[in-house]
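Okay, here's what each chain looks like letter by letter:
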Amino acid sequence: MASNATKTLKASCLCGAASYETTVPSSSLPLKSWWCSCTSCRRMTGTLALCVVYLPESYSPPQAVLEKLTVFEFTKRVFQYFCSTCGSHILARCLDDAEAKEPRITWDAMSGTLEQFDGFVHLRGHEFINDTLDGGISDFIPTIGSRQLDRYSTRPEKSEQLPLNWRDPKLADLKPNKDKVHAQCKCGGVEFWIAHPSARSTHAASNWPDLLRPNAPDNPNNECWWLQDNNTKFLAGTCSCNTCRLASGQEIVQWAFVPTVDITLDAAGKVKFERQFGTLKQFESSKGIFRSFCGVCGASAFYWADDRPFLMDVAIGLLDSPEGARAEGLLEWRTTRLSYREDALGRAKAVVDGIESGLQAHGERRDRGEREIIERQVREEGAKVMVVR
Ligand SMILES: [Zn+2]
Ligand SMILES: [Zn+2]
Ligand SMILES: [Zn+2]
């Protein structure tokens, strides 16, 4: 007997202007989701993955919601919608055929905008890992519970799967990059460069980040926690706080902590960083705390606070490092804490557990220096999925 049971799916951007809810048949739940690591999605969101959820085919958003959103033509077939006020990517309109007179239209939601993840969303796995060169976020969340996530090199079910810790073979011949790392959003309206740390990188001041010390206490001795690995790299980490999630529309965001003195608006390092440049728009998410995003493509770009003016959180999805999406020549990833995990436990415990265990295992593999072993295994065994231990 067919069931008529339904559930209410609620979604919102950070500022609330583009909130909506819709009724979905319980039989359609959980909705299928993929995390896309392609370069375009990383540049458009500022995060390591676009977390897309396929809505039921009957869904179409109300006009009142669409009016609050800016449309970005991602491809001829996919139109991305983000909040004009706060920058949250919230919906995507997909055509089955860009050339057709009356194409079939379906809508996707960005999972970070959904009030509830557990019970509503089934994350199948990762797609377009190939683009990351270093595995990107797929190495941080290889499993959910006992289920191994799919890891497609390009399109799901139409490409090969890549093993945990896969790296593009061309990275093996790459010399360590000492040049500035280029960064830009998908539309190119926000572009900047980051220099490697130097003596001047200590000239900032900030309380501790929640990533290192929960609840971000004061830092009376001004320890330069943003510098890691003998002051050769900037600290990087993942955040699951509600504000970051809603500002980006993605499940988990990734920030690098970089002094303003190390960011320039030209490759030569002559044009000093300023908070407002290019196509950036700002949103004050709480008093004295700002988030900026590209007004054209919606990419998250920076977070900063009035009480720490010389240090920026930089959206890692914008980085264009020759060493891969995680930019590990420039960044030292904190793998022992998901920042503000407490915010996410109530709505997405499955993801929190998956990313915490995945991150920790990634850090342990890194610290054991397993990379060379893994590279050799990949060379010898090809791109078949290895068992996650
Ligand atoms: Zn908004
Ligand atoms: Zn993509
Ligand atoms: Zn842009």
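Look up: the structure comes first, before these words.
Residues numbered from 1 in each chain as written. Chains lettered and ligands numbered in written order. Predicted model: local features only at pLDDT ≥ 70, side-chain atom pairs only at ≥ 80, totals over all residues. Heavy atoms only, no water.

A. Main features of the overall build of the protein chain. A tally of regular secondary structure across the protein chain gives 5 helices and 23 strands. Expressed as lengths along the three principal axes of its C-alpha atoms, the size of the protein chain is roughly 70 × 50 × 40 Å. Side-chain charges of the protein chain comprise 47 positive and 49 negative groups, with the mean position of each set lying 0 Å from the other. (Helix = DSSP H or I, 4+ residues; strand = E, 2+ residues; numbered from the N terminus. Lys, Arg positive; Asp, Glu negative; His and termini not counted. Charge placed at Lys NZ, Arg CZ, Asp CG, Glu CD.)

B. Focus on the pattern of salt bridges. Counting across every chain of the model gives 18 salt bridges. Lys233 serves as the salt-bridge partner of Asp229, at 3.7 Å between the closest nitrogen and oxygen. The class for Asp229 is partly exposed, based on a relative accessible area of 39%. Look at Lys233 and you get buried, because its relative accessible area is 17%. A salt bridge links Arg326 to Glu328; the nearest nitrogen and oxygen atoms lie 3.0 Å apart. Accessibility expressed as a relative area gives 0% for Arg326, which makes it buried. Judged by its relative accessible area of 14%, Glu328 is buried. (Salt bridge = Lys/Arg side-chain N within 4 Å of Asp/Glu carboxyl O. Buried < 20%, exposed > 50% of the residue type's maximum accessible area, 1.4 Å probe, protein only.)

C. How the structure looks around the sheet that holds strand β18 (residues 263-264). The strand order β13-β14-β18 describes an open sheet built from 3 strands, whose pairing is antiparallel. The two strands at the open ends of the sheet, each matched to only one other strand, are β13 (181-184) and β18. Where strand β14 (residues 191-194) lies against β18, 2 bridges are found, and the strand directions are antiparallel. Bridging across to β18, Trp193 finds its partner in Thr264. (Pairing = 2+ DSSP bridges.)

D. Focus on the nonpolar core. Counting residues in each nonpolar core, the largest one holds 115 residues, and the members touching the most others are Phe192, Phe302 and Leu331. Ranked by residues supplied to this core, first place goes to helix α4 (residues 341-367) with 6 residues. Two domains each donate at least three residues to this core, and these are domain 1 (7-151) and domain 2 (176-368). (Core = buried A, V, L, I, M, F, W, Y, C linked by side-chain atoms within 4.5 Å. Domains from an automatic or database assignment.)

E. Structural view of the coordination of the zinc ion (ligand 3). Around the zinc ion (ligand 3), the protein contributes the donor atoms Cys185 (SG), Cys187 (SG), Cys294 (SG) and Cys297 (SG), at 2.3 to 2.4 Å from the metal centre. Coordination at the zinc ion (ligand 3) comes from 4 donor atoms whose angles at the metal span 98 to 122°, giving a geometry best classed as tetrahedral. In primary-sequence terms, the residues that donate to the zinc ion (ligand 3) follow C-x1-C-x106-C-x2-C. With Cys185 in the loop between β13 and β14 and Cys297 in the loop between β20 (289-294) and β21 (300-305), the pair connects residues that are 112 residues apart, well separated along the chain. On the basis of relative accessibility, which here comes to 1%, the residue Cys185 falls in the buried class. By relative accessible area, Cys297 is classed as buried at 0%. (Donors = N, O, S within 2.8 Å, 3.2 Å for Na, K, Ca; no water. Tetrahedral: all angles 85-135°; square planar, octahedral: opposite > 155°, others 65-115°.)

F. Representation of the pairing of strand β2 (residues 20-25) in the model. Every second residue of β2 is oriented toward a common face, the buried set being Tyr20, Thr22 and Val24 and the non-buried set Glu21, Thr23 and Pro25. Relative to β2, strand β1 (residues 6-11) runs antiparallel, the two sharing 6 bridges. Within β2, the position partnered with Lys10 by the bridge is Glu21.

G. Quick peek at the sheet that holds strand β4 (residues 50-54). The 8 strands are arranged β5-β6-β7-β8-β4-β3-β9-β12 in an open sheet whose pairing can be described as mixed. Sheet topology places β5 (69-73) and β12 (150-151) at the edges, where each strand pairs with a single neighbour. Direction of pairing for strand β3 (residues 31-36) relative to strand β9 (residues 121-127): parallel, over a ladder of 6 bridges. Looking at β9, one finds that Trp35 is bridged to His126.

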